[in-house]
Amino acid sequence: MNDDELLQFGHRMRREVLGADYADSIPSTETEFSRPIRDFTTKYVWGEIWGDSTLPPKTRGLINIAMLTAMHCSQELKLHIRGARRNGCSWEEIRAVLKHAGVYSGAPALRSAVRYANEVYADEAKKK
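Residues numbered from 1 in each chain as written. Predicted model: local features only at pLDDT ≥ 70, side-chain atom pairs only at ≥ 80, totals over all residues. Heavy atoms only, no water.

### Quick look at the packing of aromatic side chains
Geometrically, a pair of aromatic rings is defined through the distance of the ring centres and the angle of the planes.
Alright, step 1. Across all of its chains, the model carries 3 aromatic pairs by this definition.
Alright, step 2. Look at W46 and W50: their rings are 5.1 Å apart centre to centre, the planes differ by 25 degrees, and that puts the pair in the stacked class.
Alright, step 3. Overall, W46 belongs to the buried group, its relative accessible area being 6%.
Alright, step 4. When the centroid spacing of 5.0 Å and the interplanar angle of 80 degrees are considered together, the rings of W91 and Y121 count as edge-to-face. Of the two residues, W91 is situated in helix 6 (residues 91–105) and Y121 in helix 7 (residues 107–127); the sequence distance between them amounts to 30 residues.
Alright, step 5. Residue W91 is classed as buried on the basis of its relative accessible area, which comes to 14%.
Alright, step 6. Note on Y121: relative accessible area 46%, which makes it partly exposed. (Phe/Tyr/Trp six-rings, centres within 6.5 Å; stacked < 30°, edge-to-face > 60°. Buried < 20%, exposed > 50% of the residue type's maximum accessible area, 1.4 Å probe, protein only. Helix = DSSP H or I, 4+ residues; strand = E, 2+ residues; numbered from the N terminus.)

Written out as structure tokens, the structure reads:
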């Protein structure tokens, strides 16, 4: 794929994983400064990495939850928990990954991640 095709593919992949609401909100948050960075991540994170069919989206979602837990990336963690749910991850799988990540990254990282997972869990419960 050329750069333009990779960018368009990345837009579609992000929309599929994270949902239309999130994808549609992005342009309103961009500035002249941040747009080139967003295009870079759209091409390479969403187009190249998430577009690689070697790992299914469900597996990638669980990997992201583990890494974002370890790095204390709260906003990204919430976003990717929602994405993992969209990709078919159960709450039991997410809980298991949080526990696994917590053993390796420490109790404070785990407790923080659980707080954010609880927010997503509560949001889902409200929609039922």
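### Structural notes on the pattern of salt bridges
Alright, step 1. Following the criterion strictly, the structure yields 8 salt bridges and no others.
Alright, step 2. Across the pair E93 and K58 runs a salt bridge, and its minimum N-O distance is 3.0 Å. In this pair, E93 is assigned in helix 6 and K58 in helix 4 (residues 57–70), connecting sequence segments 35 residues apart.
Alright, step 3. A relative accessible area of 27% places E93 in the partly exposed class.
Alright, step 4. A salt bridge links D123 to R82; the shortest N-O distance between them is 2.8 Å. (Salt bridge = Lys/Arg side-chain N within 4 Å of Asp/Glu carboxyl O.)

### Looking at the nonpolar core
Alright, step 1. Ranked by size, the top nonpolar core spans 14 residues in total, and within it I65, L77, I81, I94 and L98 carry the most contacts.
Alright, step 2. Contributions of two or more residues to this core are made by helix 4, helix 5 (74–86), helix 6 and helix 7.
Alright, step 3. The element that contributes the greatest number of residues to this core is helix 6, accounting for 4 residues.
Alright, step 4. Among all residues touching L98, those that are not within four sequence positions of it are I65, T69, L110, A113, V114 and A117.
Alright, step 5. Within the second largest apolar cluster, 7 residues are counted, among which are F9, M13, V17 and L79. (Core = buried A, V, L, I, M, F, W, Y, C linked by side-chain atoms within 4.5 Å. Contact = heavy atoms within 4.5 Å.)

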